[in-house]
Amino acid sequence: MKTIAALQTLVTAESLDIEPSAAELDAIELEMPLIRAEVELLDAQIMTIDRPVNELDARRVRRARNRVLAARRDLTNRTATEHTGGAA
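### Description of the nonpolar core
So, point 1. Judged by nonpolar contacts, Leu34, Ala37, Leu41, Ala44, Val61, Ala64, Val68, Ala71 and Leu75 together constitute the single largest core of 9 residues.
So, point 2. Looking at this core, the elements with two or more residues in it are α1 (22-47) and α2 (55-84).
So, point 3. The residues touching Val68, leaving out its near neighbours within four places in the chain, are Leu34, Ala37, Glu38 and Leu41.

What follows is the structure, given as structure tokens:
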């Protein structure tokens, strides 16, 4: 029987004890409203997978989708404002 060995070095980081930097944490915090809205939309969609969609479910999915769009718009506007320094 032949032994199979890795011929290349590991692709992952050497130490898994590294923490996210302050900039990465700030970026996550900035995107958190969008992340929450997307999770809420996913929850609403999951609830409708195995049953016929009634009016309440359709309304819940539609509202969640609108929250995602609003969160994306707000994030885009906030990011654009930061990059231009507030000038339009």
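### Some remarks on a nonpolar patch on the surface
So, point 1. Together, Leu25, Ile28, Ile35 and Val39 line one region of the surface with nonpolar side chains, adding up to about 320 Å² of accessible area.
So, point 2. Among the structural elements, Ile35 can be located in helix α1.

### Focus: the side chain of Asp57
So, point 1. Within the secondary structure, Asp57 is located in helix α2.
So, point 2. By relative accessible area, which is 3% here, Asp57 ends up buried.
So, point 3. A polar side-chain atom of Asp57 sits 2.9 Å from a polar atom in the side chain of Arg51.
So, point 4. Filtering out sequence-adjacent residues up to four positions away, Asp57 remains in contact with Met47, Thr48, Arg51 and Pro52.

### Some details on the pattern of salt bridges
So, point 1. Considering all chains together, one arrives at 6 salt bridges under this definition.
So, point 2. In this structure, Asp57 engages Arg51 in a salt bridge whose closest nitrogen and oxygen atoms are separated by 2.9 Å.
So, point 3. Residues participating in the shared-partner salt-bridge network are Arg51, Asp57 and Arg60.

### Quick notes on the environment of Arg63
So, point 1. Within the secondary structure, Arg63 sits in helix α2.
So, point 2. C-alpha of Arg63 to C-alpha of Glu40: the two residues are 23 residues apart in sequence and 9.7 Å apart in space.

Rules used throughout
Residues numbered from 1 in each chain as written. Predicted model: local features only at pLDDT ≥ 70, side-chain atom pairs only at ≥ 80, totals over all residues. Heavy atoms only, no water. Core = buried A, V, L, I, M, F, W, Y, C linked by side-chain atoms within 4.5 Å. Buried < 20%, exposed > 50% of the residue type's maximum accessible area, 1.4 Å probe, protein only. Helix = DSSP H or I, 4+ residues; strand = E, 2+ residues; numbered from the N terminus. Contact = heavy atoms within 4.5 Å. Patch = residues over 30% accessible without salt bridge, like charges linked within 9 Å, V, L, I, M, F, W, Y side chains within 5 Å. Areas by Shrake-Rupley, 256 points an atom, 1.4 Å probe, with all protein chains shown as cover. Salt bridge = Lys/Arg side-chain N within 4 Å of Asp/Glu carboxyl O. Polar contact = N/O pair within 3.5 Å; in protein donor to acceptor, adjacent residues only side chain to side chain.

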